[in-house]
Amino acid sequence: MFARYISARKAVAQFFAFTALIWLAACDVTLAPDANVGQSIDTSDPVPVALLVPRGSGTGSDDFLAQNLENAARLAIADLEGAKIELRVYSTAGDPATAASAAATAVNDGAKIILGPLYSEAANAVGVAVAGRNVNVLSFSNTTSIAGGNVFVLGSTFENTANRLVQYGTRNGINRYLVAYGDNPSGQVGSQAIASAVQNNGGQVVGMESYPLSQQGIFTSTRRIVGSVRSSGAQAVFTTAGAAADLPLIATALPDAGMNTDTTKIVGLTRWDTVPQLHALPGIQGGLFAMPDQSTAALFANRYAATYGEQPHPLAGLAYDGIAAIGALVAAGNTEALTKSALTSPQGFRGTSGVFRLLPNGLNQRALAVATITENQVVILEQAPRSFGGAGF
């Protein structure tokens, strides 16, 4: 039994060694004209990496997530081949000022790169705090407004999801989109990401319709939305609705208001696979959404559970990804492995939910599958790509 466990562990570790992928045309990514920020390293010594976690905020969920992030980072270090990482963990209390102070302390302690923090305001404060120290920050945030300069976001972004779905739609004859979004900050940011993805891929935004985030507000708005669908000739309604929030109402109210979902698909910016109760709703049958490679995600979850005795927090994989990307670059023996030009190499890395790469503007691209709901079941229409180039990016 023990021998089989060691063999399985080695196989998973090799899969998550995050060696560089096949080099593709450099035209996929154009480097920004700003400075090549980043510390030089001595590849013969362990590389000091600071991990900033939200421990100490007084909120139990923050402490739980902090431990999961640290666990995942240490798991990644154990799986590295050809690179040595010295992990130093600092608590931010989920507070921007505390995070900035912790980052400054970490750099004073010798950190060559910072992994984390989670919350966008804290990540922005950290980036500012160490900008003059020539240190890059791989934050766990998915807030795109903080990205750029020395700050990268590792979290899954609306832009990446919207782009994946619109590209798939374009290849399958969907070009006219009506955007339906919740009237809150997340909905507004998501709607702009959708609109940009449609325009950047040669499609047409034929309407932008908001709705209040209340049951009555949604039901009142849907007749207006359906009227706009009919008058504009929209082929799809691309919605920001969340699976555990407004999506059940939207997916029910639009068909009830007379929208034919056979001819006008509902496309979702959020994942639909995480809430099985949704799958019986008639409005999302045949609709489109995106999701990570579940086979890869399961490998990480099983590896984490075997080591720590419980399933990882959904965000824990970001810490693993960050360490693994750093480790892959350090293992190549390049003293400039932690500079911006190295971090944004277009071949990218293998991550806990598929391949990903960091972009010069601080954003990321992550591989996603395109899925639908058919007969109350999740069906993959197009698998997540396993490398960069071609369909899916």
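Residues numbered from 1 in each chain as written. Predicted model: local features only at pLDDT ≥ 70, side-chain atom pairs only at ≥ 80, totals over all residues. Heavy atoms only, no water.

**Topic: helix α3 (residues 96-108)**
Between its terminal C-alpha atoms α3 stretches 18 Å, which fits the 18 Å expected from 13 residues at 1.5 Å a residue. A99, A100, A102, A103, A106 and V107 are the residues of α3 that are buried. Viewed along the axis of α3, the buried residues span an arc of 165°, placing them on a single side of the element. Facing away from the buried surface of α3 by more than 90 degrees, the exposed residues are A97 and N108. For α3, the N-terminal cap is D95; the gap from its side-chain oxygen to the backbone nitrogen of A97 is 3.2 Å. Once α3 finishes, G110 follows within two positions and takes phi at roughly 110°, a positive value. (Helix = DSSP H or I, 4+ residues; strand = E, 2+ residues; numbered from the N terminus. Expected span 1.5 Å × (residues − 1). Buried < 20%, exposed > 50% of the residue type's maximum accessible area, 1.4 Å probe, protein only. Arc of directions from axis to C-beta. Polar contact = N/O pair within 3.5 Å; in protein donor to acceptor, adjacent residues only side chain to side chain.)

**Observations concerning the packing of helix α5 (residues 158-171) against helix α6 (residues 185-200)**
For the pair α5 and α6, interaxial distance at closest approach is 8 Å and the crossing angle is 40°. Comparing their axes, α6 and α5 come out oblique. α5 and α6 meet at a crossing whose hand is right-handed. Within the contact between the two elements, α5 uses F158, E159, A162, N163 and V166 and α6 uses S186, V189, G190, A193, I194, A197 and V198. (Axes fitted to C-alpha atoms, helices over the stretch in contact; angles between N-to-C directions. Parallel < 35°, antiparallel > 145°, perpendicular 65-115°, else oblique. Left-handed = near helix turned anticlockwise from the far one by under 90°. Contact = heavy atoms within 4.5 Å.)

**Overview of the packing of aromatic side chains**
The final tally for this structure, using the stated rule, is six aromatic pairs. Taking 6.2 Å as the distance between ring centres and 45° as the angle between the ring planes, the aromatic pair formed by Y177 and F238 counts as tilted. Of the two residues, Y177 is situated in strand β6 (residues 176-182) and F238 in strand β8 (residues 236-239); the sequence distance between them amounts to 61 residues. By way of ring pairs, the aromatic residues F300, Y304, Y308 and Y320 are connected into one cluster. (Phe/Tyr/Trp six-rings, centres within 6.5 Å; stacked < 30°, edge-to-face > 60°.)

**Examining the confidence of the model for the protein**
Considering every residue of the protein, the mean pLDDT works out to 90; 91% of them sit at 70 or more. Contacts from residues 1-33, a stretch scored under 50 in pLDDT, to residues over four places away or in other chains number 53 contacts. (pLDDT = per-residue confidence, 0-100.)

**What to know about unusual backbone geometry**
Cis geometry marks the peptide bond from G116 to P117, where omega comes out at 0°. Of note, E375 is a non-glycine position whose phi angle comes to about 50°, a positive value. You can see E375 is positioned in the loop between β14 (369-374) and β15 (377-382). When its relative accessible area of 71% is taken as the criterion, E375 is described as exposed. Unlike most non-glycine residues, N376 shows phi in positive territory, near 65°. Overall, N376 belongs to the partly exposed group, its relative accessible area being 37%.

**Digging into the pairing of strand β7 (residues 204-211)**
Pairing geometry for β6 and β7, over seven bridges, is parallel. When the bridges of β7 are listed, Y177 appears paired with V205. Following the backbone out of β6, through α6 and into the adjacent parallel β7, one traces a crossover that is right-handed. (Pairing = 2+ DSSP bridges. Right-handed = clockwise from strand over helix to strand, strands pointing away.)

**Focus: the sheet that holds β6**
Pairing is parallel across the open sheet formed by four strands, whose spatial order is β7-β6-β8-β9. This sheet does not close on itself; its edge strands, each paired only once, are β7 and β9 (265-268). Each neighbouring strand pair of the sheet contributes to a mean axis angle of 25°, computed without reference to strand direction. Across the sheet, α5 is in contact with β6, β8 and β9; its angle to β6 comes to roughly 150°.

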